[in-house]
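Working through the structure, step by step
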Amino acid sequence: MSVCPHEGPVLVAGIGNIFLGDDGFGVEAVRALKERDLPEGVELLDIGVRGVHLAYQLLDGYDTLILVDATRRGGEPGTVYVIEHDVAETDGAQPVPLDGHRMTPDAVLGLLGALCAGTGARPPRRTLVVGCEPAVVEERIGLSPSVSAAVPEAVRVIEELLRSGEPGPRHAPAPGALER
């Protein structure tokens, strides 16, 4: 096992609802990562729809957060994206109403900002999203074929991020806010 190049612990969190088809992409990708030999200092967490839990988990102090989620950006279903989140985008964000089962990544990070302000904790220095363009987000269990085929690619991209801090040449970080 190698040492992670990040300045401190890294949390890789799979987000999504496994009962809504491709929305379960993040959960499936993190399950696949559990079978891999990851660097020391990396923690995997299947968050599912428990966004409030994720916000509180982040108070434990992580250098880097990698969110894995279904992400609509207009590409072909199964397209894997790497999005670097700009912390300044959530610094002045309006308070988000808490709904424990409908917390988008932006809402989680907004809640985290409020929790950090109240506790003196620090948010992760860096937040990345490894997202996959969904094909089907409706009541059903299981990923569509194109999104299921993207899980190994997402695992490869996450492993590159953990080893070097940057994605490979096919996956340069895309500018923009977190989307869902």
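Scope of this entry: the structure provided in the associated data block. (Residues numbered from 1 in each chain as written. Predicted model: local features only at pLDDT ≥ 70, side-chain atom pairs only at ≥ 80, totals over all residues. Heavy atoms only, no water.)

A word on the packing of helix α1 (residues 25–33) against helix α5 (residues 145–164)
The relative placement of two packed helices is expressed as an angle between their axes plus a distance between the axes. With their axes 9 Å apart at the nearest point, α1 and α5 run at an angle of 55° to one another. Considering their axes alone, α1 and α5 lie oblique with respect to each other. At the point where α1 passes α5, the crossing takes the right-handed sense. Taking contact as the criterion, the partners of F25, E28, A29, A32 and L33 in α1 are, on α5, V147, A150, V151, A154, V155, I158 and E159. Residues that form the contact of α1 with α5 fall into these classes: 10 nonpolar, no polar and 2 charged. (Axes fitted to C-alpha atoms, helices over the stretch in contact; angles between N-to-C directions. Helix = DSSP H or I, 4+ residues; strand = E, 2+ residues; numbered from the N terminus. Parallel < 35°, antiparallel > 145°, perpendicular 65-115°, else oblique. Left-handed = near helix turned anticlockwise from the far one by under 90°. Contact = heavy atoms within 4.5 Å. Nonpolar A, V, L, I, M, F, W, Y, C, P; charged D, E, K, R; others polar.)

Some details on the packing of aromatic side chains
Within the structure shown, the criterion is met by 0 aromatic pairs. Across the ring face of Y81, the terminal group of R73 is positioned such that the distance to the ring centre comes to 5.9 Å. (Phe/Tyr/Trp six-rings, centres within 6.5 Å; stacked < 30°, edge-to-face > 60°. Lys NZ or Arg CZ within 6 Å of the ring centre and 35° of its normal.)

A few points about the pairing of strand β4 (residues 80–85)
With 5 of 6 residues buried, β4 lies mostly within the body of the structure. Taken together, the 6 bridges between β4 and strand β5 (residues 126–132) define a ladder with antiparallel strand orientation. Across the sheet, the residue bridging to Y81 is G131, located in β5. (Buried < 20%, exposed > 50% of the residue type's maximum accessible area, 1.4 Å probe, protein only. Pairing = 2+ DSSP bridges.)

So, the pattern of salt bridges
Under the counting rule described, the total for this entry stands at 6 salt bridges. For E159, the salt bridge is made with R36, and the minimal N-O distance between the two is 2.7 Å. Here R36 lies in the loop between α1 and β2 (42–48) and E159 lies in helix α5, a separation of 123 residues in the sequence. Judged by its relative accessible area of 45%, R36 is partly exposed. Of the charged contacts in the structure, one is a salt bridge between R156 and E153, with a shortest N-O distance of 2.7 Å. Within this pair, R156 and its partner E153 are both found in helix α5, separated by 3 residues, close to a single helical turn. Overall, R156 belongs to the partly exposed group, its relative accessible area being 28%. Under the relative-accessibility criterion, E153 is labelled buried at 17%. (Salt bridge = Lys/Arg side-chain N within 4 Å of Asp/Glu carboxyl O.)

Quick notes on α1
For α1, the complete set of buried residues consists of F25, G26, V27, A29, V30 and L33. Where α1 is buried, its residues meet β1 (10–15), β2, β3 (64–70), β5 and α5.

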